[in-house]
Amino acid sequence: MREIKQQPSPSEIYHQKLFQREGFSDLEELVQESRRQSETLGKLGISMSHNEARVMATFIKAARCQNFVEIGTLTGATALWIADALAPHGNLWTFEKDERHSHAAGLIFNEYHRTGKTKINLIQGDAVEKLPEIEKFGPFDGIFIDGNKAAYLKYLDWAEKNLKPGALVIGDNVFLGGSVFNTELDSKFSKKQIYRDWE
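Everything numeric here is computed off the predicted structure, so don't read it as measured data. (Residues numbered from 1 in each chain as written. Predicted model: local features only at pLDDT ≥ 70, side-chain atom pairs only at ≥ 80, totals over all residues. Heavy atoms only, no water.)

Packing of helix α4 (residues 77–85) against helix α5 (residues 99–113) brings their axes to within 11 Å, and their N-to-C directions diverge by 25°. One finds that α4 runs roughly parallel with respect to α5. Where α4 crosses over α5, the two elements pack in a sense that is right-handed. Facing A79, L80, A83 and D84 of α4, the residues of α5 in contact are I108, F109 and Y112. Partitioned by chemical class, the residues of the contact of α4 with α5 number 6 nonpolar, no polar and 1 charged. (Axes fitted to C-alpha atoms, helices over the stretch in contact; angles between N-to-C directions. Helix = DSSP H or I, 4+ residues; strand = E, 2+ residues; numbered from the N terminus. Parallel < 35°, antiparallel > 145°, perpendicular 65-115°, else oblique. Left-handed = near helix turned anticlockwise from the far one by under 90°. Contact = heavy atoms within 4.5 Å. Nonpolar A, V, L, I, M, F, W, Y, C, P; charged D, E, K, R; others polar.)

Before going further, it helps to examine unusual backbone geometry. With an omega of 0°, the peptide bond running from G138 to P139 counts as cis. Mapped onto the elements of the fold, P139 is located in the loop between α6 (127–130) and β4 (140–145). Despite not being glycine, R64 has its phi angle at roughly 55°, a positive value. Structurally, R64 can be placed in the loop between α3 (50–62) and β1 (67–71). At H89, a position not held by glycine, the phi torsion is positive, near 65°. Considering the arrangement of structural elements, one finds H89 in the loop between α4 and β2 (91–96). When its relative accessible area of 73% is taken as the criterion, H89 is described as exposed. (Buried < 20%, exposed > 50% of the residue type's maximum accessible area, 1.4 Å probe, protein only.)

Laid out in structure tokens, this is it:
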């Protein structure tokens with residue numbers, strides 16, 4: 001009886017095309033390991049999806065960014081995407097407040113650095129307090145903000161002073177899943193509804 005070969009699913013085909021570039025398979029493995037670490041820490045739900053990360057990486061590559069800042073490392077998946085999208089000899093500075101998250105990300109980045117690609121600089125601590133430490137390396141080509149939602153305005157104030165003219169600014173979940181427009185006082189995000197002040 002002839003064995004019938006199972007055809008790959010649409011999702012499998014998509015990921016094959018997504019990572020078909022030479023040298024990208026190593027990145028795929030590290031991204032998957034980062035997501036496994038997020039799941040172990042119970043944070044997979046807030047980890048950026050492949051589709052979202054791919055769109056962000058496309059913007060970064062199109063803008064030819066070389067020196068980039070990320071606020072909110074988690075376990076490093078988005079940092080890997082950003083680093084891979086940067087121009088040659090690029091540098092990424094990524095900030096993570098939670099020690100468990102930064103530890104997991106650090107292990108991932110150590111493996112990534114074996115490839116000799118973009119340098120990922122992991123800074124553990126509150127980004128509001130730590131951002132001034134990297135100002136000497138600026139001005140920067142862009143920033144991805146995915147940290148403490150209540151501090152987004154502070155991050156933007158810093159970015160305005162330390163990014164190049166025309167730099168790329170990307171923010172994740174700026175509307176808090178729609179709760180910015182929620183008038184109910186018992187909303188779980190009610191204390192963080194600061195974005196109305198942006199108008």
